[in-house]
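Given next are the chains, with one letter for each unit.
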Amino acid sequence: MPRRAQQIQISQFSEETAAAVASWPLNSAEAETWAGQGTAFPVTPQQVVEWHADRGTFPFEGRTEGMECAYGQLWIDPNEEEIELARIIVNPVFRGVGIGCAFVQGLLRSCACYRRYAVLLRVCPNNISAIRCYTAAGFMPVSKSEETTWNQGQPVEYKWMRHRGHNKCMQTDHSPALCYRDGNMIRSLKSASARRFR
């Protein structure tokens, strides 16, 4: 019987969580769907940590019932004024109970310091459960022309989605900075990252 979803706490990723996160993909196909084509399985903790070397990558983790339950990243591109939610995965123990949607909503709140930024994500088109999760969190497909352009050179014909309310609802008086939900850590971005291939 699946576990019932509890309140989720979202915080800055801790390297101590890397081993747990690396173990969540259950097979090679799931590892590639999560982290990109060519991702080795099993995923190693070191690989998870290495993803965070790019200054435009901001990793988060979610916890519930005292356990790590979700992981994801925000990729920030100041030149394009875009934030991409990336590499989101839920602990298999907590799948199917709403943790994924709650975690995505928490990541959206972590974007609140950015004015005018579009919030995007990409997903493999056969990942139906993830698409349902993102739709429930307020994402909708981008136009066909945008999707065609953004998929040029990508290893997969991704389904791209944009959050429909971010630009209207997330206006603040703060300069662009990453606000971690605990309120104690605000990390300013000083380098750009282009839309990535993975």
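Here the structure is shown first, and the text comes after it.
Heads up: these notes are all about the structure in this document. Residue positions are given per chain, counted from 1 along the sequence in the order it is written. Totals for whole chains, interfaces and linings use every residue, but because this is a predicted model, local features are given only for residues with pLDDT of at least 70 and side-chain atom pairs only at 80 or more, for both listing and counting. To get the side-chain values, all heavy atoms of the structure are used, and hydrogens and water are removed first.

## Side note on unusual backbone geometry
Working step 1: For the bond running from Phe-41 to Pro-42, omega is 0°, close enough to zero to count as cis.
Working step 2: Helix and strand definitions here come from DSSP, where helices need a minimum of 4 consecutive H or I residues and strands a minimum of 2 consecutive E residues; each element is numbered from the N-terminal end. Checked against the element boundaries, Pro-42 lands in the loop between α2 (28–35) and α3 (45–50).
Working step 3: We note that Glu-65 has phi near 55°; this positive angle belongs to a residue other than glycine.
Working step 4: Note that Glu-65 resides in the loop between β2 (57–64) and β3 (67–77).
Working step 5: If you check the backbone angles, Glu-81 has positive phi at about 55° while not being a glycine.
Working step 6: Summarising the element assignment, Glu-81 is placed in the loop between β3 and β4 (82–90).
Working step 7: Relative accessibility decides the category of a residue: with a 1.4 Å probe and only protein chains considered, values under 20% of the type maximum give buried, values over 50% give exposed, and everything between is partly exposed. We classify Glu-81 as partly exposed; its relative accessible area is 30%.

## Here we look at the packing of aromatic side chains
Working step 1: Aromatic rings from Phe, Tyr and Trp, with only the six-membered ring used for Trp, were paired whenever their centres fell within 6.5 Å, and each pair was classed as stacked if the ring planes differed by under 30 degrees, edge-to-face if by over 60, and tilted otherwise. In this structure the tally under the stated criterion is seven aromatic pairs.
Working step 2: Ring geometry for Trp-34 versus Tyr-71: centroids 6.3 Å apart, planes at 80°, classification edge-to-face. You can see Trp-34 sitting in helix α2 and its partner Tyr-71 sitting in strand β3, a full 37 residues away along the chain.
Working step 3: In this structure Trp-34 comes out as buried when scored by relative accessible area, which is 5%.
Working step 4: Ring centres of Tyr-158 and Trp-160 lie 6.5 Å apart, and the angle between their planes is 80°; on these two criteria the pair is classed as edge-to-face.
Working step 5: Judged by relative accessible area, which is 4%, Tyr-158 ranks as buried.
Working step 6: In textbook terms, an aromatic cluster arises when at least three aromatic residues are bridged by ring pairs, as seen for Phe-13, Trp-34, Trp-51 and Tyr-71.

## Here's the deal with the environment of Trp-150
Working step 1: One can find Trp-150 in helix α6 (residues 144–150).
Working step 2: Residue Trp-150 is classed as buried on the basis of its relative accessible area, which comes to 12%.

## Focus on α2
Working step 1: Along α2, the positions that sit buried rather than exposed are Ala-31, Trp-34 and Ala-35. Down the axis, α2 shows its buried residues gathered within 70° of arc, on one side only.
Working step 2: Contact criterion: two residues are considered in contact whenever any of their non-hydrogen atoms come within 4.5 Å of each other. On its buried face, α2 sits against α1 (18–22), α3, β3 and β4. Note that the arc is computed from the directions linking the helix axis to the C-beta atoms.

## Notes on the pairing of strand β5 (residues 118–123)
Working step 1: Of all six residues making up β5, six are buried, and the element is well covered by its neighbours.
Working step 2: Of the two faces of β5, both are covered, the one formed by Ala-118, Leu-120 and Arg-122 as well as the one formed by Val-119, Leu-121 and Val-123.
Working step 3: Strand pairing requires that DSSP identify at least two bridges connecting the strands. Bridge analysis of β4 against β5 gives four bridges, and the strand direction is parallel. Its bridge partner being in β5, Ile-83 is matched across the sheet by Val-119.
Working step 4: Pairing analysis gives four bridges linking β5 to strand β7 (residues 159–163), with the strands arranged antiparallel. Within β7, the position partnered with Leu-120 by the bridge is Arg-162.

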